Amino acid sequence: MTTSVTLSVGGMTCSSCAARIEKRLNRIDGVHASVNFATEQAAITYPDSVTTDELVAAVEATGYTASIDKADGTTETAYLPRLLVSLALTIPVIALSMIPALQFPHWPLWALTLATPVVFWGAWPLHHAAWTNLRHGAATMDTLVSLGVLTSYLWSAWMLSTGSDHLYLEVAATVTTLILAGKFFETRAKRQSGAALRALLDLGAKDVAVLRDGREIRVPIEELAVGDTFVVRPGEKIATDGVVMTGTSAVDASMLTGESVPVEVGPGDQLAGATVNAGGRLEVKATRVGADTQLAQMARLVADAQSGKADVQRLADRVSAVFVPVVIGLALLTLVGWLVAGGTVSAALTAAVSVLIIACPCALGLATPTALLVGTGRGAQLGILIKGPQVLESTRKVDTVVLDKTGTVTTGKMTVAAVHAQSDNVLRLAGALEHASEHPIAQAIATLAAADGPLPAVTDFVNHDGRGVTGVVDGHEVAVGRRSWLTAEAAPELQTAAQHAETEGRTPVWVAVDGAIAGVIVVSDTVKDTAAEAIAELKKLGLTPVLLSGDNARAAGAVAAEVGIETVIAEVLPADKVDEVKRLQDQGRVVAMVGDGVNDAAALAQADLGLAMGTGTDVAIEASDLTLASGDLRAAGDAIRLSRATLKTIKGNLFWAFAYNVAAIPLAAAGMLNPMIASAAMAFSSLFVVSNSLRLRSFKPSR
């Protein structure tokens, strides 16, 4: 028998750390582990023969911390003091080193004094990580940075002791500050990506009015037990999953289902916790509480999808694992070669240090952050928010895009599609009556009617338990509601119009005036104006669009036909959306998901690339990789194009960062470059990387 556990892992600085922990855990017999660098968690299944203490010990043996309780992960505030202090000290060091006019007597001592806290205190997390990796025989970006910073600093200190002012302190200070800035922004993005679960759990009600001995007592939600009967008033959240005992109402489940039309409920109907009572007073008997509720299950789905998503290994880390040992080896060979060839110790050290400095990863450290900064900045201008570098790799491989219907392809707002009336005043009378109701369909009718002028007053208004409403308007007895509720006969043309509306997946609302059926108003969720254009753009990018909806097949099919989507998956329950994404992935497809509801959150997390509409819920936005702030579906194509352009720029930057360094290493080893020229070459490679990244500012959207 196997058991599952999730460990919180601390101390990881890159994806190669996660790979090393995963490898160590999987060596234990019967253990299967998946370590996620982004969420800082290890999802582990293990046999009865293994204890959790052994699992924690295995992680600690690789140089990291682990605990079963959720540990407080590193936040960006941990880097902020070091970043600000390092920045303040680095600026004068650069000024003194680069501007001869500012070089007063004994300026090198001042530069050394200012650079020392940057190198040892500011860069401490990098040195510590490099030392931890070194003890376990690994090399990462931290190793490169630590080595470059310390070499530049120690060489400068030695040169200063000999009376020379050829110092490279600005190299040590600048590299430290730039890398700390990168760590700060990366950590912030990681922390925000974990907020989806917190947002999901915050959806639930905080307290509840429980009926005890015929009296209402308000208690914290934690005290609610299965079997308790509780009261839900109009506008309140339903505290937990339950069954309606008394009362009728319309329940807005859009925050869980993403579907816009409220559901009519009465005695015996099941309710989900965290949905909103939009109509009358309900008494509900709790059937599931705590971890068993639909909301909690949805939170677990998001957590599982997030922890199972492999974080893309950083390109710089992949290469640096080989690059660092090679550079150190070359530097040592250079030192020994010069000494064997009869060169002086000073010349040998100069050549060796030149090799290390030319290979200092300043451009390498800038390659990803600068492209990401410009790419995300341009994206923000266009209403496209990119979560982080790990997102970009997915955009290159995506071949299928799954689109949630409601709120993504459609507006998610009810509007009147058609009015079939036997007299001119039917819409005005119906609108006046519906104006007194809070139901979204009623509001859609009232809004259209009010566009033609002020609506008349209503008297004797009665809400008939979700079947319809009645009242007196301008002396006429008016009823608006379901066909089955109205007893009068309808004219054949009205019946035909209603049947046609239902065939298209729309909702017919019947109107009776003075006892006779006078018209039918067709209400529907409307397709976004730009949806068809957006689908065509996605197809141009080589993506196959798939429409996913909880609605009936007729409604979903009608929308798909209107926007040009051939593949439709209809009548999908919220929990099944994840399974549909998995099913497509099992077919070998790389799936992007575009959604906006809480019910889409788990599917967004499961997809290889999640795109959330900014007009949707916070949970969907937090679970996604890309957020489209405008709600315009055309932004989905722009987001994928921009992400691909940013990834291409990052790869180009990394290539040139290495190319400059590698081409100059033989020159440095031959003694043809002193450390100052090496530093200038490094600065030039950095300048090229930044300039290349700035080209992303000219990205043109299709909108």
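Each chain carries its own residue numbering, running from 1 in the direction its sequence is written. Only residues with pLDDT of at least 70 are given local features in this predicted model, and only at 80 or more are side-chain atom pairs given and counted; all residues enter the totals for whole chains, interfaces and linings. Side-chain measures were taken over the full set of non-hydrogen atoms in the model, leaving aside hydrogen atoms and water.

**Structural notes on the UniProt feature "transmembrane region" (unreviewed entry) in the protein**
Spelled out, the test is: UniProt positions are given in the numbering used here, feature names are shortened, and annotations may be inferred rather than shown by experiment. Only DSSP runs of H or I reaching four residues or more are called helices, and only runs of E reaching two or more are called strands; each is numbered from the N terminus.
Under the UniProt annotation, "transmembrane region" (unreviewed entry) lies at residues 83-101, 107-126, 138-155, 167-185, 319-341, 347-374, 653-670 and 676-694. Summarising residues 653-670: 94% helix, 0% strand, and an end-to-end C-alpha distance of 27 Å.

**Section: the packing of aromatic side chains**
So the rule is basically this: The aromatic pairing rule takes the rings of Phe, Tyr and Trp, using the six-membered ring of Trp, and pairs them if the centres are within 6.5 Å, calling planes under 30 degrees apart stacked, those over 60 edge-to-face and the rest tilted. Partly exposed describes any residue whose relative accessible area lies between the buried limit of under 20% and the exposed limit of over 50%, with all areas from a 1.4 Å probe on protein chains only and scaled to the type maximum.
This model, assessed by the stated rule, comprises four aromatic pairs. Taking the centre distance of 5.1 Å and the plane angle of 90° together, the rings of Phe 120 and Tyr 153 count as edge-to-face. One end of the pair, Phe 120, is in helix 4 (residues 107-122); the other, Tyr 153, is in helix 6 (residues 141-161), and 33 residues separate them in sequence. Phe 120 sits in the partly exposed class, given a relative accessible area of 40%. Tyr 153 sits in the buried class, given a relative accessible area of 8%.

**Remarks on the sheet that holds strand 20 (residues 507-513)**
How we decide: We call two strands paired when DSSP finds no fewer than two bridges between them. Angles shown run from 0 to 180 degrees and are taken between the N-to-C directions of axes, each axis being a line fitted to C-alpha atoms and, for helices, limited to the stretch in contact.
Pairing is antiparallel in the open sheet, where six strands are placed in the order 16-21-20-19-18-17. This sheet does not close on itself; its edge strands, each paired only once, are strand 16 (410-421) and strand 17 (458-463). Going from strand to strand, the sheet's axes swing by 20° on average, the running direction of each strand aside. In this sheet, strand 19 (residues 476-481) lies alongside strand 18 (residues 468-473) in antiparallel orientation, the contact comprising six bridges. Within strand 19, the position partnered with Gly 468 by the bridge is Gly 481.

**With respect to the pairing of strand 21 (residues 516-527)**
Each regular strand displays side chains that alternate between the two surfaces of the sheet. Across the twelve residues that make up strand 21, a large majority, ten, are buried. Where strand 16 meets strand 21, eight bridges bridge the pair, whose relative direction is antiparallel. Its bridge partner being in strand 21, Val 419 is matched across the sheet by Ile 521.

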